[in-house]
Amino acid sequence: MNIYLELFLVFLKIGAVSFGGGYGMISLIQQEMTSRGWIDAARLMDYIAIAESTPGPIAVNIATFVGSDQAGFLGSLVATIGIVAPAFFIILAIAAVFRTFAKNRYVRSAFACITPVILGLIISTGLLMIVYCLYAQYNDFTAVGEFDWTALAILAILVVCIIVYRLIRKKTMPPIAIILLSAACGMLYFI
């Protein structure tokens, strides 16, 4: 199959069956990418880190990176269109019949049932990311991985800082402060 068509169809499928935003899509992206041999788990973690650091939705950024990696600029364009197209057309259809659609009890029930599934996908993604960060051999679960105590120490420092901030200021720490604190910890570690 032509790589452009395959990229488009894979990301079209991911975009069509995913609910809950980018984090809900990560497990589907991981399954599709690793089963085709396009990227491994370690490379996906790199893509997630870069996608979170760049503007735009995380799933769209990952699709763009994978498409570029597999087939250059045209591949990134095709993958991006594939992942965005389903949401674009669904939103157009919903906007056309929004009032009737939102009041339908079956639709409300369906969305109520989808919510726990989305939560489960996001939690599983978070747990996988923690495991990948804490083990040196994160791409091979059959091998006995070496536990990364430094990563755990940095995580503990971040959690303590967030809790102390919450206790002192009586409000949650702004996300930009958490990002800057994480960057500072990372820089200290690699210096």
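Further up the page is the structure itself.
Before going into details, it helps to say that this report is about the structure given with it.

Conventions we followed
- Residues numbered from 1 in each chain as written.
- Predicted model: local features only at pLDDT ≥ 70, side-chain atom pairs only at ≥ 80, totals over all residues.
- Heavy atoms only, no water.
- Phe/Tyr/Trp six-rings, centres within 6.5 Å; stacked < 30°, edge-to-face > 60°.
- Buried < 20%, exposed > 50% of the residue type's maximum accessible area, 1.4 Å probe, protein only.
- Lys NZ or Arg CZ within 6 Å of the ring centre and 35° of its normal.
- Helix = DSSP H or I, 4+ residues; strand = E, 2+ residues; numbered from the N terminus.
- Expected span 1.5 Å × (residues − 1).
- Bend = angle between axes of the 7 residues up to and from the residue.
- Salt bridge = Lys/Arg side-chain N within 4 Å of Asp/Glu carboxyl O.

**Comments concerning the packing of aromatic side chains**
Then, in step 1: Applying the stated criterion to the full structure yields two aromatic pairs.
Then, in step 2: Ring centres 5.2 Å apart and planes at 75 degrees place the aromatic pair Phe88 and Phe89 in the edge-to-face group.
Then, in step 3: The class for Phe88 is partly exposed, based on a relative accessible area of 47%.
Then, in step 4: Classification of Phe89 by relative accessible area gives exposed; the value is 54%.
Then, in step 5: Just above the ring of Trp38 sits the side chain of Arg36; from NZ or CZ to the centre is 5.8 Å.

**Thoughts on helix H2 (residues 22-36)**
Then, in step 1: Under the 1.5 Å per step criterion, the end-to-end length of H2 is 20 Å for 15 residues, consistent within 8% with the ideal 21 Å.
Then, in step 2: If you look at H2, its biggest bend is around 30 degrees, right at Leu28.
Then, in step 3: For H2, every residue scored as buried is listed here: Gly22, Gly24, Met25, Ile26, Ile29, Gln30, Glu32 and Met33.
Then, in step 4: Following H2 by one or two positions, Gly37 adopts a phi angle in the positive range, close to 75 degrees.

**Quick word on the pattern of salt bridges**
Then, in step 1: Summed over the entire model, instances satisfying the criterion amount to four salt bridges.
Then, in step 2: Between Arg36 and Glu6 there is a salt bridge; the shortest N-O distance is 3.3 Å. Residue Arg36 is located in helix H2, and its partner Glu6 is located in helix H1 (residues 3-17); the two are separated by 30 residues in the primary sequence.
Then, in step 3: Judged by relative accessible area, Arg36 falls into the partly exposed class, the value being 32%.
Then, in step 4: Across the pair Asp69 and Arg43 runs a salt bridge, and its minimum N-O distance is 3.2 Å. Note that Asp69 is positioned in helix H4 (residues 58-96) and Arg43 in helix H3 (residues 41-53), a separation of 26 residues in sequence.
Then, in step 5: Beyond isolated ion pairs, a larger network of salt bridges with shared partners links Glu6, Lys13, Glu32 and Arg36.

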